Amino acid sequence: MSNDAVSLFLALLAVVGLVFVAATVVVALVARTAGLGPKLVSVRDGVEDVALPFAWAVATTCTIGSLYMSEVRHFTPCVLCWYQRICMYPLVVVLAIAALRRDRGVWRYALPLAAIGACISTYHYLHERFPDAVSTACDLNASCATVWIWELHFLSIPAMAWVGFVLIATLLLLARAADRRTPARPLHGPTNDPDPEEVPA
Amino acid sequence: MTGSTHKRDPHGGADPYSKLAEAQSARKRTPWIIGGAAVVVLILALIAVLVTTSSDDSSGTAAAGTGAAAAKDAKQETAKVEVKGASLVQMPSPAGDSPFTSASTDPAIGRQAPTLVGESFDRSKVTIDPTDGIPKVIMFVAHWCPHCQREVPLIQKWIAAGNLPKGVEIVTVSTAVADDRPNYPPSAWIAKEGWQPKVMADDGDGTAAQAYGLPGFPYFVMTNGKGEVVARGSGEVPIDQFAAAVDALAKGQPISAGA
């Protein structure tokens, strides 16, 4: 695969991620208002079952993609890139352990990281799109406004990172919803958290 | 009421084994979902490979003698540059709202700008001689700089609309070239933008840029016909301010007041 093909592949993955997030939001709205039919319930349950492994796969893909950009293509990470890496890289380990233990309560630890990462990605993307808002000139070093990749007329590296963070957050929220609906316990021991659904009304 | 009862019932209704059945059903679904996701990823990879191998580089035509024409026939991205004359000190930050320096803030104002002798992308000789009697705007750009990428098409559009005053020349130096940075090679960028002014390719050490005291990108040095520096500016300049400065240069007026 050429460098261009890898960039386009990552961008296409990001588009699929965006579509998934949009579809999840629509289904969640429908569930709140009209309720879900048996087929949609089945699909929802199926997705919730694999939410944690998929969240791990997204974090791993983002991490490999990030390392590919800096170590293979030698794009110099800027300060904001590093902040996003700080949020993304630990998720690979945390979500791997959670997926193996089927610990849906991991959203308590992973969701803040994904949310902070998405905020930084948003700022970085706006910095790229409106560089004048921060500075009007480039110095000799790579600045955060440098657009290394521009795919499908809207996806740069921070935009793809944003999709990654939001996708992980969405999958964690799905895992959380399943956790609240069916009080599943980690395979390797119970947690001490009280289950709200087991509390008598 | 039934709904709320169902919600509080951890077993999901009258059948205590319904969750077990659901779990078994979920186990059957999981391989299909993972397999489906893997197929989607493979299809995306195939699309990416097919699209990138079938796309060809098609750039428009460029008028002969322009920077874009030399860039279309590029044989090099950097070239040796010879500097004749004393180098300018690095440009200080401009004071006030004007993007350009004035005599009170910039010690290079009124100094003789050095002559640069080098080559363009197509190895044709390019000489930037500020003492040739023609007022000049010498513009330094870096292919990877987003501010240069925004400024170049604005100025090109302004030139193409016939706004460049007669008797003023714009020349460009492509500097800070790095093949591991975005928008490489600079020749492809210049060709794509249809950039009319002549382009000199700076060497890998940025000799031309250093000789003119470059502080950042884009960088403008304006000289009068005698080769004296009239104004310098760095960073993105709004096109109306750029136009006002060039008009003032053509009329021999102070740039800061005109811009």
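Residues numbered from 1 in each chain as written. Chains lettered and ligands numbered in written order. Predicted model: local features only at pLDDT ≥ 70, side-chain atom pairs only at ≥ 80, totals over all residues. Heavy atoms only, no water.

### Brief notes about unusual backbone geometry
Next, step 1: A cis amide bond links B:Tyr184 with the next residue in sequence, B:Pro185, at an omega value of 0°.
Next, step 2: Its location among the elements puts B:Pro185 in the loop between strand 5 (169-174) and helix 5 (186-193).
Next, step 3: With an omega of -15°, the peptide bond running from B:Phe217 to B:Pro218 counts as cis.
Next, step 4: Even without being glycine, A:His74 reaches a positive phi, approximately 60°.
Next, step 5: The residue A:His74 is located in the loop between helix 3 (51-72) and helix 4 (79-101) in this model.
Next, step 6: We classify A:His74 as partly exposed; its relative accessible area is 47%.
Next, step 7: Phi angles above zero are rare outside glycine, and A:His153 is one such case at about 65°.
Next, step 8: Relative accessible area serves as the criterion here: at 73%, A:His153 is assigned to the exposed category. (Helix = DSSP H or I, 4+ residues; strand = E, 2+ residues; numbered from the N terminus. Buried < 20%, exposed > 50% of the residue type's maximum accessible area, 1.4 Å probe, protein only.)

### Digging into the sheet that holds strand 5 of chain B
Residue and element names in this part refer to chain B.
Next, step 1: Taken in spatial order, the five strands make up an open sheet running 6-5-4-7-8, and their pairing is mixed. Both edges of this open sheet fall to strand 6 (198-201) and strand 8 (229-234), since each of them pairs with a single strand only. Across the sheet, the mean angle separating the axes of adjacent strands is 20° when strand polarity is ignored.
Next, step 2: Note: strand 7 (residues 219-223) against strand 8, five bridges, orientation antiparallel. Across the sheet, threonine 223 pairs through a bridge with valine 229, a residue of strand 8. (Pairing = 2+ DSSP bridges. Axes fitted to C-alpha atoms, helices over the stretch in contact; angles between N-to-C directions.)

### Looking at the interface of chain B and chain A
When the parts of a complex come together, some accessible area is lost, and that lost area is often taken as the interface size.
Next, step 1: Residue-level contacts link 33 residues of chain B with 39 residues of chain A.
Next, step 2: Our enumeration of links across chain B and chain A arrives at zero salt bridges.
Next, step 3: Inspection of the chain B/chain A interface yields one residue pair in polar contact (both at pLDDT 80 or more).
Next, step 4: Of all the secondary-structure elements, those providing two or more residues to the side of chain B that touches chain A are helix 1 (2-8), helix 2 (18-54) and helix 4 (146-160) of chain B.
Next, step 5: Of the residues assigned to the side of chain B that touches chain A, the class counts are 19 nonpolar, six polar and eight charged. (Contact = heavy atoms within 4.5 Å. Salt bridge = Lys/Arg side-chain N within 4 Å of Asp/Glu carboxyl O. Polar contact = N/O pair within 3.5 Å; in protein donor to acceptor, adjacent residues only side chain to side chain. Nonpolar A, V, L, I, M, F, W, Y, C, P; charged D, E, K, R; others polar.)

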